[in-house]
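Architecture at a glance
One-letter residues, chain by chain:
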Amino acid sequence: MKTTIEEIDGKYVATLEGEMDTAAAIEVEEVLKPLYQSEGKDVIIDCTKLEYIASSGLRILLSILKGAKASGSKVVMKGVNDDIKNVFKLTGFISLFEFE
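Thresholds, definitions, all that
The numbering scheme is per chain: residues are counted from 1 as the chain's sequence reads. Only residues with pLDDT of at least 70 are given local features in this predicted model, and only at 80 or more are side-chain atom pairs given and counted; all residues enter the totals for whole chains, interfaces and linings. As a rule here, side-chain values come from all non-hydrogen atoms in the structure, and water together with hydrogens is ignored. The secondary structure listing takes helices from DSSP runs of H or I that are at least 4 residues long and strands from runs of E that are at least 2 residues long, numbered from the N terminus. Think of it in three bands: residues with accessible area under 20% of the maximum for their type are buried, residues over 50% are exposed, and the middle band is partly exposed, with areas taken using a 1.4 Å probe on protein chains only. One requirement defines pairing of two strands: DSSP has to find at least two bridges between them. Should any heavy atoms of two residues lie within 4.5 Å, those residues are considered in contact. Structural elements are reduced to axes, namely lines fitted to C-alpha atoms, with helices fitted over the stretch in contact, and the angle between N-to-C directions of any two is expressed from 0 to 180 degrees. Throughout this description, any angle smaller than 35 degrees is read as roughly parallel, any larger than 145 degrees as roughly antiparallel, any in the 65 to 115 degree range as roughly perpendicular, and the remainder as oblique. Left-handed describes a crossing whose near helix is turned anticlockwise from the far helix through less than a right angle; right-handed describes the clockwise counterpart. Ten residue types, Ala, Val, Leu, Ile, Met, Phe, Trp, Tyr, Cys and Pro, are classed as nonpolar, four, Asp, Glu, Lys and Arg, as charged, and the remainder, Gly among them, as polar. Every case where a carboxyl oxygen of Asp or Glu lies within 4 Å of a side-chain nitrogen of Lys or Arg is listed as a salt bridge.

1. Here's the deal with the side chain of T15
Assignment of secondary structure puts T15 in strand β2 (residues 11-20). Looking at T15, the relative accessible area reads 15%, which means it is buried.

Here it is as structure tokens:
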């Protein structure tokens with residue numbers, strides 16, 4: 001699992017590549033922890049190369065969303081494939097996030 005964060009045009013862009021299973025989620029959470037307090041900047045989660053997400057990964061994304069909303073920011077999920085989008089639908093998270 002590869003995870004990166006960049007600041008582009010005043011927004012945080014997090015790129016997720018690979019499989020975010022339970023074991024990988026621990027490492028991913030450490031990398032994405034700065035996004036828990038987005039400081040009023042919108043957050044884009046680029047899932048173009050994300051192949052799988054476990055419930056622990058969804059929890060991380062929910063924590064990012066809560067922090068962003070608290071500071072008046074939004075979180076946009078970008079490039080989510082159909083399999084992962086189905087996980088969001090099954091868990092009810094589909095209505096919480098904005099998709100692009």
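2. Here's the deal with the sheet that holds strand β4 (residues 75-78)
The strand order β1-β2-β3-β4-β5 describes an open sheet built from five strands, whose pairing is mixed. Every interior strand has two partners, whereas the edge strands, β1 (2-8) and β5 (98-99), have only one. When strand β3 (residues 43-53) meets β4, the two strands line up parallel, connected through four bridges. Bridge pairing in β4 places I45 opposite M77. Its contacts with the sheet put helix α1 (residues 22-32) on β1 and β2, and the angle it makes with β2 is roughly 165°. Its contacts with the sheet put helix α2 (residues 55-70) on β2, β3 and β4, and the angle it makes with β3 is roughly 175°.

3. Looking at the packing of α1 against α2
Where α1 meets α2, the axes come as close as 8 Å, and the angle between the chain directions of the two elements is 20°. It follows that α1 is roughly parallel to α2 by the angle criterion. The hand of the α1/α2 crossing is right-handed. Of the residues in α2, those touching α1 at T22, A25, V28, E29 and L32 are S56, G57, R59, I60 and I64. When grouped by side-chain class, the residues that make up the contact of α1 with α2 number five nonpolar, three polar and two charged.

4. A word on the pattern of salt bridges
For the coordinates displayed, the defined rule picks out four salt bridges. Taking the shortest distance from any N to any O, the salt bridge between E29 and R59 comes out at 3.3 Å. Remark: R59 occurs in helix α2 and E29 occurs in helix α1; sequence separation between them is 30 residues. Taking the relative accessible area as the measure of exposure, E29 reaches 17% and is therefore buried. In this structure, K33 and E30 form a salt bridge, with 3.5 Å as the shortest nitrogen-oxygen distance.

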